[in-house]
Amino acid sequence: MKLTGLELRRIRLPLVAPFRTSFGIQTERLVLLVRAVTPEGEGWGECVALTEPVYSSEYVDGADHVIRHHLAPRLFDTGNLTAALVAPLLEAVLGHRMAKAALEMAVLDAELRAAGLSLASYLGATRDAVDCGVSVGIQESVPALLDVVASYLDNGYRRIKLKIEPGWDIEPVRAVRERFGDDLLLQVDANTAYTRADARHLARLDPFDLLLIEQPLPEEDILGHAELARAIRTPVCLDESITSAQMAAAAIALGACQIVNIKAGRVGGYLEARRVHDVCAAAGVAVWCGGMLETGLGRAANVALAALPNFSLPGDTSASDRYYHRDITEPFVMEDGQLRVPSGPGLGVSVDRNILDAVTVSTDYIEP
């Protein structure tokens, strides 16, 4: 394909409820969307960077800038562009994986739509539906947390993830386990909020039979995670630390994790996410699909990714109404604790132009 233009569109979507983690509170999502235009058609990509660089070093304004001035020109200069070429063509630009992932996703969507092939089939999906987990933010009180968890279980979610931080960890987990029993699939996510000195404290989570503790230590502290994994019984899962298949292989070799959370945006795209999946499968390490409060575009791609064979744990592939009153695509609706994997060409979902225009903050079209 020849890339003839890119639309950079910012949209603002209010969340159904505030979402609090150890690095802040979100009440809305400012999303950078990318539309790739080719003679054969178009494709959509979603950048998962947040408004501020608090989850990673990337943020919306930075992603917009690097796409305009450094990434897009390299793709425009290529006469016969494919999704598989996006990462090699952009390799000279260091980092900026979320921006690169958005471009690769848009090109991949356009390429697969033109070929009449679904993303799920292209990636190697083996299921037509995936189990749904839900991420529960830090609440104002333990009783409020119990009410929120109960509502999600009533809706049919098959796994609960609790966000934790120092001062909000042992007692909330204890309360949820005691209220909902040992059969509940329960895990926690620290978003790098702890240090090596907290190992003894985090070991107090061991009696609650958690599926995993996700990213307890800073992103760069792989050796610290290896030490922690030896000091506690709860399996350690890495999120922010896993930025590529190479990093996944290194972390596994060092014993820093028993489980890996795969987020396509964090590793530079869905093709690299598939490579992370394959590395983990070869090492016998389970994976699950994380989420970044995506719109229906990113959610469609995540559900397709989560249908690969080594995704053996429920992911953060929640229904659309978990986050948004209305989405920019047809909503993903949970059925018996699962979401259906889109089977149409490309991402397999369509943008609702009326809703998209209503939530659009700005639009810019760039050409070679």
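Residues numbered from 1 in each chain as written. Predicted model: local features only at pLDDT ≥ 70, side-chain atom pairs only at ≥ 80, totals over all residues. Heavy atoms only, no water.

> Explanation requested: the packing of helix α11 (residues 270-283) against helix α12 (residues 296-306) in the structure shown.
Working note: a packed helix pair is described by the angle between its axes plus the distance between those axes. Two elements in contact, α11 and α12, have axes separated by 11 Å at closest approach and are oriented at 25 degrees. Accordingly, the angle class assigned to the pair α11 and α12 is roughly parallel. In this structure, α11 meets α12 at a crossing whose hand is right-handed. In this structure, α11 uses Y270, A273 and R274 to contact α12, whose residues at the interface are G298, A301, N302 and L305. Split into classes, the residues belonging to the contact of α11 with α12 amount to four nonpolar, two polar and one charged. (Axes fitted to C-alpha atoms, helices over the stretch in contact; angles between N-to-C directions. Helix = DSSP H or I, 4+ residues; strand = E, 2+ residues; numbered from the N terminus. Parallel < 35°, antiparallel > 145°, perpendicular 65-115°, else oblique. Left-handed = near helix turned anticlockwise from the far one by under 90°. Contact = heavy atoms within 4.5 Å. Nonpolar A, V, L, I, M, F, W, Y, C, P; charged D, E, K, R; others polar.)

> Honestly, the pairing of strand β5 (residues 133-136) in this entry has me stumped. Any pointers?
Working note: regular strand, side chains alternate between the two faces of the sheet. Of the two faces of β5, the one holding G133 and S135 and the one holding V134 and V136 are both buried throughout. Relative to strand β6 (residues 159-163), β5 runs parallel, the two sharing four bridges. If you follow S135 over to β6, its bridge partner there is K161. Handedness of the β5-helix α5 (residues 142-155)-β6 crossover: right-handed. (Buried < 20%, exposed > 50% of the residue type's maximum accessible area, 1.4 Å probe, protein only. Pairing = 2+ DSSP bridges. Right-handed = clockwise from strand over helix to strand, strands pointing away.)

> Could you clarify how one ought to interpret helix α9 (residues 245-253) in this entry?
Two residues of an α-helix separated by three or four positions point the same way, owing to the 3.6 residues in each turn. Those residues of α9 that fall on the buried side of the exposure criterion are A245, A248, A251 and I252. In a view along the axis of α9, the buried residues occupy a sector of 125 degrees, so they form one face of it. Seen from the buried face of α9, the exposed residues on the opposite side, beyond 90 degrees, are Q246 and A253. Taken together, the buried residues of α9 touch α8 (222-231), β9 (236-238) and α11. At the N-terminal boundary of α9, the capping side chain belongs to S244, with an oxygen 3.4 Å from the backbone nitrogen of Q246. Among the residues trailing α9, G255 stands out with phi positive, at a value near 75 degrees. (Arc of directions from axis to C-beta. Polar contact = N/O pair within 3.5 Å; in protein donor to acceptor, adjacent residues only side chain to side chain.)

> What's the story with α12 in this structure? I'm lost.
Extensive coverage of α12 is indicated by the burial of eleven of its eleven residues. Three or more residues of α12 are buried, namely G296, L297, G298, R299, A300, A301, N302, V303, A304, L305 and A306.

> Teacher, can you tell me more about the packing of helix α2 (residues 83-90) against helix α3 (residues 97-115) here?
It is at 8 Å that the axes of α2 and α3 come closest, and there the two elements cross at 155 degrees. Relative to α3, the element α2 is oriented roughly antiparallel. Pair α2 / α3 crosses with right-handed handedness. Here A83, V86 and L90 of α2 lie close against α3, whose contacting residues are K100, L103, E104, V107, L108 and E111. In terms of residue class, the contact of α2 with α3 is made up of six nonpolar, no polar and three charged.

> Looking at this structure, I do not really get the side chain of E46. What am I missing?
Here E46 lies in strand β3 (residues 41-47). A distance of 2.6 Å separates polar atoms of two side chains, one belonging to E46 and the other to T295. Of the polar contacts made by the side chain of E46, one reaches the backbone nitrogen of G298; its length is 2.9 Å. Apart from the residues within four sequence positions on either side, E46 is in contact with R29, V31, L32, L33, A102, M105, E294, T295, L297 and G298.

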